[in-house]
Amino acid sequence: FTAAVFWGATCQSQAGSAESAKKIVFVHGAASHGYGGHAYGPAFRMLARILNENVPAVTAVVVQDDGDLSVLDTADAIVLGSDGGRLVKSLGDRLEPLMAKGVGLACIHYTVDPTDPKAVERLIAWIGGAYERYWSVNPHWEAEFTTFPNHPVARGLKPFKAHDEWYYHMRFAKDMKGVTPILSAIPPESTRQRPDGPHSGNPHVRARTGMPEVVGWVYQRPDGGRGFGFTGMHTHWNWAQDSYRKSVLNALVWIAGAEVPADGVPSKTPTLEELEADL
(Lines give C-alpha, C1' and ligand atoms only; values in the text may rest on other atoms or scores of the structure.)
Protein backbone atom coordinates (compact mmCIF):
# COMPACT_ATOMS: atom_id res chain seq x y z
CA PHE A 1 0.00 0.00 0.00
CA THR A 2 2.79 2.43 0.92
CA ALA A 3 4.65 1.66 -2.28
CA ALA A 4 1.47 2.14 -4.30
CA VAL A 5 0.78 5.49 -2.65
CA PHE A 6 4.38 6.55 -3.25
CA TRP A 7 4.19 5.49 -6.91
CA GLY A 8 0.89 7.32 -7.37
CA ALA A 9 2.21 10.46 -5.73
CA THR A 10 5.32 10.34 -7.90
CA CYS A 11 3.23 10.02 -11.07
CA GLN A 12 1.01 12.89 -9.97
CA SER A 13 4.07 15.01 -9.23
CA GLN A 14 5.61 14.29 -12.64
CA ALA A 15 2.33 14.97 -14.42
CA GLY A 16 1.87 18.18 -12.50
CA SER A 17 5.41 19.24 -13.39
CA ALA A 18 4.78 18.58 -17.09
CA GLU A 19 1.48 20.44 -16.99
CA SER A 20 3.06 23.44 -15.27
CA ALA A 21 6.03 23.68 -17.66
CA LYS A 22 6.21 26.93 -19.58
CA LYS A 23 5.71 26.51 -23.32
CA ILE A 24 8.21 28.18 -25.64
CA VAL A 25 7.18 28.28 -29.30
CA PHE A 26 9.84 28.90 -31.95
CA VAL A 27 8.61 30.19 -35.32
CA HIS A 28 11.09 30.48 -38.18
CA GLY A 29 11.24 31.52 -41.77
CA ALA A 30 13.54 30.14 -44.45
CA ALA A 31 17.33 30.21 -44.20
CA SER A 32 19.25 32.58 -46.46
CA HIS A 33 22.72 34.07 -47.02
CA GLY A 34 24.29 30.79 -48.11
CA TYR A 35 25.19 27.64 -46.22
CA GLY A 36 24.91 28.26 -42.47
CA GLY A 37 23.74 31.85 -42.89
CA HIS A 38 20.56 33.12 -41.22
CA ALA A 39 19.78 29.48 -40.41
CA TYR A 40 16.81 30.13 -38.13
CA GLY A 41 15.26 26.66 -38.43
CA PRO A 42 18.44 24.70 -37.62
CA ALA A 43 19.29 27.06 -34.77
CA PHE A 44 15.79 26.87 -33.31
CA ARG A 45 15.71 23.08 -33.48
CA MET A 46 19.03 22.97 -31.64
CA LEU A 47 17.93 25.45 -28.96
CA ALA A 48 14.60 23.68 -28.45
CA ARG A 49 16.35 20.33 -28.10
CA ILE A 50 18.74 21.73 -25.48
CA LEU A 51 15.89 23.28 -23.51
CA ASN A 52 13.79 20.11 -23.59
CA GLU A 53 16.74 18.00 -22.46
CA ASN A 54 18.04 20.28 -19.72
CA VAL A 55 15.30 22.53 -18.35
CA PRO A 56 12.27 20.64 -16.96
CA ALA A 57 10.57 23.96 -16.23
CA VAL A 58 9.99 24.58 -19.95
CA THR A 59 8.84 22.67 -23.01
CA ALA A 60 9.83 23.89 -26.46
CA VAL A 61 8.31 23.30 -29.89
CA VAL A 62 9.43 24.50 -33.32
CA VAL A 63 7.20 25.38 -36.27
CA GLN A 64 7.88 26.94 -39.66
CA ASP A 65 5.99 30.08 -40.55
CA ASP A 66 4.00 28.31 -43.26
CA GLY A 67 2.78 25.60 -40.84
CA ASP A 68 0.01 25.41 -38.24
CA LEU A 69 0.49 28.40 -35.95
CA SER A 70 -2.41 27.63 -33.60
CA VAL A 71 0.22 26.60 -31.03
CA LEU A 72 0.92 30.30 -30.52
CA ASP A 73 -2.32 30.63 -28.60
CA THR A 74 -1.02 28.43 -25.76
CA ALA A 75 2.53 29.83 -25.67
CA ASP A 76 4.15 31.39 -22.63
CA ALA A 77 6.92 32.72 -24.86
CA ILE A 78 7.39 33.07 -28.62
CA VAL A 79 10.72 33.18 -30.46
CA LEU A 80 10.79 34.65 -33.97
CA GLY A 81 13.43 34.22 -36.67
CA SER A 82 12.97 35.74 -40.11
CA ASP A 83 14.73 38.07 -42.52
CA GLY A 84 13.66 41.69 -42.62
CA GLY A 85 11.53 41.22 -39.53
CA ARG A 86 8.94 39.58 -41.78
CA LEU A 87 7.29 37.62 -38.99
CA VAL A 88 6.96 40.72 -36.84
CA LYS A 89 4.96 42.28 -39.67
CA SER A 90 2.96 39.25 -40.82
CA LEU A 91 2.08 38.11 -37.28
CA GLY A 92 1.84 41.55 -35.71
CA ASP A 93 -1.94 41.66 -35.36
CA ARG A 94 -1.99 38.11 -34.04
CA LEU A 95 0.78 38.83 -31.53
CA GLU A 96 -0.81 42.02 -30.21
CA PRO A 97 -3.38 40.35 -27.89
CA LEU A 98 -0.82 37.73 -26.80
CA MET A 99 1.62 40.46 -25.81
CA ALA A 100 -1.19 42.19 -23.90
CA LYS A 101 -1.67 38.93 -21.97
CA GLY A 102 1.99 38.94 -20.94
CA VAL A 103 3.38 36.34 -23.35
CA GLY A 104 7.14 36.70 -23.71
CA LEU A 105 8.74 37.51 -27.05
CA ALA A 106 12.26 37.03 -28.42
CA CYS A 107 13.52 38.29 -31.77
CA ILE A 108 16.76 36.98 -33.24
CA HIS A 109 19.13 38.70 -35.70
CA TYR A 110 17.41 40.16 -38.80
CA THR A 111 14.06 39.74 -37.03
CA VAL A 112 14.79 42.91 -35.04
CA ASP A 113 14.83 44.96 -38.29
CA PRO A 114 11.20 44.95 -39.48
CA THR A 115 11.58 48.19 -41.53
CA ASP A 116 7.91 49.15 -41.23
CA PRO A 117 7.45 52.03 -38.73
CA LYS A 118 4.46 50.37 -37.05
CA ALA A 119 6.38 47.11 -36.64
CA VAL A 120 9.37 48.98 -35.21
CA GLU A 121 7.08 50.70 -32.72
CA ARG A 122 5.56 47.36 -31.75
CA LEU A 123 8.96 45.77 -31.23
CA ILE A 124 10.09 48.56 -28.96
CA ALA A 125 6.91 48.05 -26.92
CA TRP A 126 7.28 44.26 -26.88
CA ILE A 127 11.02 43.62 -26.54
CA GLY A 128 12.32 47.07 -25.56
CA GLY A 129 14.26 47.81 -28.73
CA ALA A 130 14.41 47.52 -32.50
CA TYR A 131 16.66 48.23 -35.45
CA GLU A 132 15.79 51.61 -36.95
CA ARG A 133 17.16 52.38 -40.39
CA TYR A 134 19.40 55.46 -40.66
CA TRP A 135 19.88 55.21 -36.87
CA SER A 136 21.17 51.67 -36.31
CA VAL A 137 24.01 49.90 -38.15
CA ASN A 138 24.84 46.27 -38.99
CA PRO A 139 28.59 45.75 -39.49
CA HIS A 140 30.44 42.45 -39.15
CA TRP A 141 32.94 42.62 -36.29
CA GLU A 142 34.50 40.63 -33.47
CA ALA A 143 32.82 41.64 -30.22
CA GLU A 144 34.55 41.02 -26.90
CA PHE A 145 32.22 40.65 -23.93
CA THR A 146 34.01 41.10 -20.62
CA THR A 147 31.36 41.99 -18.03
CA PHE A 148 27.74 41.05 -17.47
CA PRO A 149 24.94 42.50 -15.31
CA ASN A 150 23.51 41.05 -12.13
CA HIS A 151 20.51 39.51 -13.85
CA PRO A 152 19.15 35.94 -14.15
CA VAL A 153 19.87 35.94 -17.90
CA ALA A 154 23.57 36.54 -17.20
CA ARG A 155 23.91 33.49 -14.94
CA GLY A 156 26.91 31.36 -15.83
CA LEU A 157 28.21 33.66 -18.56
CA LYS A 158 31.97 33.98 -18.89
CA PRO A 159 33.97 36.50 -20.95
CA PHE A 160 34.05 35.56 -24.62
CA LYS A 161 34.64 36.84 -28.13
CA ALA A 162 32.56 36.21 -31.22
CA HIS A 163 32.78 37.49 -34.78
CA ASP A 164 29.28 38.12 -36.08
CA GLU A 165 27.08 40.67 -37.78
CA TRP A 166 26.34 42.43 -34.52
CA TYR A 167 23.78 45.17 -35.12
CA TYR A 168 24.13 48.09 -32.75
CA HIS A 169 22.89 51.57 -31.84
CA MET A 170 19.38 50.20 -31.62
CA ARG A 171 16.32 52.34 -30.95
CA PHE A 172 15.43 51.48 -27.36
CA ALA A 173 12.51 52.25 -25.09
CA LYS A 174 12.62 55.83 -23.77
CA ASP A 175 15.42 56.34 -21.23
CA MET A 176 16.10 52.57 -21.44
CA LYS A 177 13.33 52.10 -18.90
CA GLY A 178 12.80 48.40 -18.35
CA VAL A 179 15.76 47.48 -20.59
CA THR A 180 18.73 45.54 -19.18
CA PRO A 181 21.73 45.16 -21.50
CA ILE A 182 23.09 41.60 -21.33
CA LEU A 183 25.75 41.72 -24.06
CA SER A 184 27.65 44.96 -24.63
CA ALA A 185 30.96 45.57 -26.38
CA ILE A 186 32.98 48.39 -27.92
CA PRO A 187 32.96 48.11 -31.73
CA PRO A 188 36.07 48.76 -33.83
CA GLU A 189 36.25 52.38 -34.91
CA SER A 190 36.11 51.27 -38.54
CA THR A 191 32.51 50.12 -38.04
CA ARG A 192 31.50 53.67 -37.06
CA GLN A 193 33.15 55.40 -40.01
CA ARG A 194 31.15 53.89 -42.82
CA PRO A 195 29.23 56.25 -45.15
CA ASP A 196 25.66 57.28 -44.41
CA GLY A 197 22.95 54.80 -45.35
CA PRO A 198 20.02 52.80 -43.97
CA HIS A 199 22.42 50.18 -42.55
CA SER A 200 25.94 51.49 -43.01
CA GLY A 201 26.39 54.62 -40.89
CA ASN A 202 25.12 57.98 -39.65
CA PRO A 203 26.37 60.98 -37.64
CA HIS A 204 24.82 59.67 -34.40
CA VAL A 205 26.88 56.48 -34.57
CA ARG A 206 30.07 58.33 -35.51
CA ALA A 207 29.68 60.58 -32.48
CA ARG A 208 29.88 57.58 -30.11
CA THR A 209 33.58 56.85 -30.60
CA GLY A 210 34.91 54.42 -28.02
CA MET A 211 31.56 53.83 -26.36
CA PRO A 212 30.11 50.36 -25.66
CA GLU A 213 27.11 49.27 -27.70
CA VAL A 214 24.31 46.92 -26.68
CA VAL A 215 23.85 43.90 -28.95
CA GLY A 216 21.76 41.68 -26.65
CA TRP A 217 19.21 42.83 -24.09
CA VAL A 218 16.14 41.85 -22.08
CA TYR A 219 13.06 43.92 -21.37
CA GLN A 220 10.57 43.99 -18.55
CA ARG A 221 7.36 45.40 -19.98
CA PRO A 222 5.28 47.73 -17.81
CA ASP A 223 2.40 45.21 -18.07
CA GLY A 224 4.54 42.36 -16.75
CA GLY A 225 5.49 40.66 -20.03
CA ARG A 226 9.11 40.09 -20.97
CA GLY A 227 11.16 40.51 -24.13
CA PHE A 228 14.57 39.64 -25.53
CA GLY A 229 16.50 41.04 -28.47
CA PHE A 230 19.63 39.38 -29.85
CA THR A 231 21.33 40.93 -32.87
CA GLY A 232 23.87 38.16 -33.53
CA MET A 233 23.34 34.82 -35.33
CA HIS A 234 24.34 35.75 -38.84
CA THR A 235 26.38 32.56 -38.93
CA HIS A 236 25.35 29.18 -37.51
CA TRP A 237 28.87 28.30 -36.37
CA ASN A 238 28.82 30.77 -33.48
CA TRP A 239 26.55 28.42 -31.54
CA ALA A 240 29.73 26.49 -30.69
CA GLN A 241 30.72 29.38 -28.39
CA ASP A 242 29.42 28.32 -24.96
CA SER A 243 28.55 31.71 -23.45
CA TYR A 244 27.08 32.94 -26.74
CA ARG A 245 24.74 29.95 -26.69
CA LYS A 246 24.01 30.21 -22.97
CA SER A 247 23.08 33.90 -23.15
CA VAL A 248 20.27 33.04 -25.59
CA LEU A 249 19.12 29.91 -23.76
CA ASN A 250 18.97 31.77 -20.44
CA ALA A 251 16.98 34.59 -22.00
CA LEU A 252 14.41 32.24 -23.51
CA VAL A 253 13.81 30.60 -20.14
CA TRP A 254 13.49 34.02 -18.50
CA ILE A 255 11.01 35.50 -20.98
CA ALA A 256 8.83 32.40 -20.51
CA GLY A 257 8.58 33.19 -16.82
CA ALA A 258 10.58 30.16 -15.67
CA GLU A 259 13.54 30.15 -13.30
CA VAL A 260 16.96 30.32 -14.95
CA PRO A 261 19.27 27.66 -13.42
CA ALA A 262 21.84 29.00 -10.94
CA ASP A 263 24.71 28.48 -13.42
CA GLY A 264 22.62 29.15 -16.49
CA VAL A 265 21.13 26.60 -18.88
CA PRO A 266 23.62 23.73 -19.27
CA SER A 267 24.58 22.34 -22.67
CA LYS A 268 27.60 20.62 -24.12
CA THR A 269 29.62 22.35 -26.81
CA PRO A 270 28.31 21.11 -30.17
CA THR A 271 30.82 19.61 -32.58
CA LEU A 272 31.13 20.72 -36.19
CA GLU A 273 29.40 17.51 -37.21
CA GLU A 274 26.48 18.20 -34.84
CA LEU A 275 26.11 21.77 -36.11
CA GLU A 276 26.12 20.51 -39.69
CA ALA A 277 23.59 17.79 -38.83
CA ASP A 278 21.09 20.48 -37.82
CA LEU A 279 21.71 22.25 -41.11
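Quick summary incoming for the structure in this document. (Residues numbered from 1 in each chain as written. Predicted model: local features only at pLDDT ≥ 70, side-chain atom pairs only at ≥ 80, totals over all residues. Heavy atoms only, no water.)

**Looking at the overall build of the protein chain**
When you go through the protein chain residue by residue, the secondary structure sums to nine helices and 11 strands. Taking 19 Å as the expected radius of gyration for a compact globule of 279 residues, we find that the protein chain reaches 19 Å, a close match to that expectation. With respect to the three principal axes, the spread of C-alpha positions in the protein chain is 75 × 40 × 35 Å. Out of the 279 residues in the protein chain, the part that is buried amounts to 52%. (Helix = DSSP H or I, 4+ residues; strand = E, 2+ residues; numbered from the N terminus. Rg over C-alpha atoms; globule rule 2.2 N^0.38 Å. Buried < 20%, exposed > 50% of the residue type's maximum accessible area, 1.4 Å probe, protein only.)

**Looking at the sheet that holds strand 9 (residues 179-185)**
Strand order across the open sheet formed by seven strands is 2-1-3-4-11-10-9, with mixed pairing between neighbours. Each of the sheet's edge strands pairs with one partner strand only, and the pair in question is strand 2 (58-64) and strand 9. Going from strand to strand, the sheet's axes swing by 15° on average, the running direction of each strand aside. Note that strand 10 (residues 213-220) and strand 11 (residues 226-230) share five bridges and pair antiparallel. In the strand pairing of strand 11, Gln220 is matched with Arg226. Contacts from helix 8 (residues 242-255) reach strand 1 (22-28), strand 3 (77-81), strand 4 (104-108), strand 9, strand 10 and strand 11 within the one sheet, and its direction differs from that of strand 11 by about 160°. (Pairing = 2+ DSSP bridges. Axes fitted to C-alpha atoms, helices over the stretch in contact; angles between N-to-C directions. Contact = heavy atoms within 4.5 Å.)

**Looking at the environment of Pro159**
In this structure, Pro159 sits in the loop between strand 6 (140-145) and strand 7 (160-165). Overall, Pro159 belongs to the exposed group, its relative accessible area being 59%. Sequence spacing of Pro159 and Phe145 is 14 residues, and the spatial spacing of their C-alpha atoms is 5.4 Å. The contact partners of Pro159, leaving out residues within four places of it in the chain, are Phe145, Thr146 and Phe148.

**Looking at the pattern of salt bridges**
A complete count under the given rule lists 13 salt bridges for this structure. Residue Asp278 is joined to Arg49 by a salt bridge in which the shortest nitrogen-to-oxygen separation is 3.0 Å. Of this pair, Asp278 sits in helix 9 (residues 272-278) while Arg49 sits in helix 2 (residues 40-54), and the two are 229 residues apart along the sequence. Accessibility expressed as a relative area gives 12% for Asp278, which makes it buried. In this structure, a network of salt bridges that share partners links the residues Asp93, Glu96 and Arg122. (Salt bridge = Lys/Arg side-chain N within 4 Å of Asp/Glu carboxyl O.)

**Let's talk about the packing of helix 4 (residues 92-100) against helix 5 (residues 117-127)**
One can describe the packing of helix 4 onto helix 5 by two numbers: an axis separation of 12 Å at closest approach and a directional angle of 25°. As judged from the angle between their axes, helix 4 and helix 5 are roughly parallel. As for the relative orientation of helix 4 and helix 5, their crossing is left-handed in sense. Between helix 4 and helix 5, the contacting residues are Gly92, Asp93, Leu95, Glu96 and Met99 on the first element and Lys118, Arg122 and Trp126 on the second. Tallied by class, the residues present in the contact of helix 4 with helix 5 amount to three nonpolar, one polar and four charged. (Parallel < 35°, antiparallel > 145°, perpendicular 65-115°, else oblique. Left-handed = near helix turned anticlockwise from the far one by under 90°. Nonpolar A, V, L, I, M, F, W, Y, C, P; charged D, E, K, R; others polar.)

**Some remarks on the side chain of Asp65**
Residue position: Asp65 is located in the loop between strand 2 and strand 3. Side-chain polar atoms of Asp65 contact the side chain of Arg86, separated by 2.5 Å. If we skip the residues at most four places from it in the chain, Asp65 touches Val27, His28, Gly29, Arg86 and Leu87. (Polar contact = N/O pair within 3.5 Å; in protein donor to acceptor, adjacent residues only side chain to side chain.)

**A few points about the nonpolar core**
With 87 residues, the main nonpolar core has Ile24, Phe26, Leu51, Leu80, Phe228 and Leu252 as its most contacted residues. Leaving out residues up to four positions away in the same chain, Ile24 has contacts with Leu51, Val58, Thr59, Ala60, Val61, Ala77, Val79, Leu252, Val253 and Ala256. (Core = buried A, V, L, I, M, F, W, Y, C linked by side-chain atoms within 4.5 Å.)

**Details of the packing of aromatic side chains**
All chains considered together, the criterion is met by 13 aromatic pairs. Between Phe145 and Trp166, the ring centres sit 5.3 Å apart and the planes meet at 80°, which makes this aromatic pair edge-to-face. In this pair, Phe145 is assigned in strand 6 and Trp166 in the loop between strand 7 and strand 8 (171-172), connecting sequence segments 21 residues apart. By the burial criterion, Phe145 is buried, and Trp166 matches it. Within the aromatic cluster, the residues linked to one another by ring pairs are Phe145, Phe160, Trp166, Phe228, Phe230, Trp239 and Tyr244. Directly above the aromatic system of Trp135 lies the positively charged group of Arg171, at a separation of 3.9 Å from the ring centroid. (Phe/Tyr/Trp six-rings, centres within 6.5 Å; stacked < 30°, edge-to-face > 60°. Lys NZ or Arg CZ within 6 Å of the ring centre and 35° of its normal.)

**What to know about helix 2**
Under the 1.5 Å per step criterion, the end-to-end length of helix 2 is 21 Å for 15 residues, consistent within 8% with the ideal 21 Å. When helix 2 is considered as a whole, its buried residues turn out to be Tyr40, Gly41, Pro42, Ala43, Phe44, Met46, Leu47, Ala48, Ile50 and Leu51. Where helix 2 is buried, its residues contact strand 1, strand 2, strand 3, strand 4, helix 8 and helix 9. (Expected span 1.5 Å × (residues − 1).)

**Describing the environment of Val179**
Among the secondary structure elements, Val179 is positioned in strand 9. Assessed through its relative accessible area of 10%, Val179 is described here as buried. For the pair formed by Val179 and Gly128, sequence separation is 51 residues and the distance between their alpha carbons is 6.1 Å.

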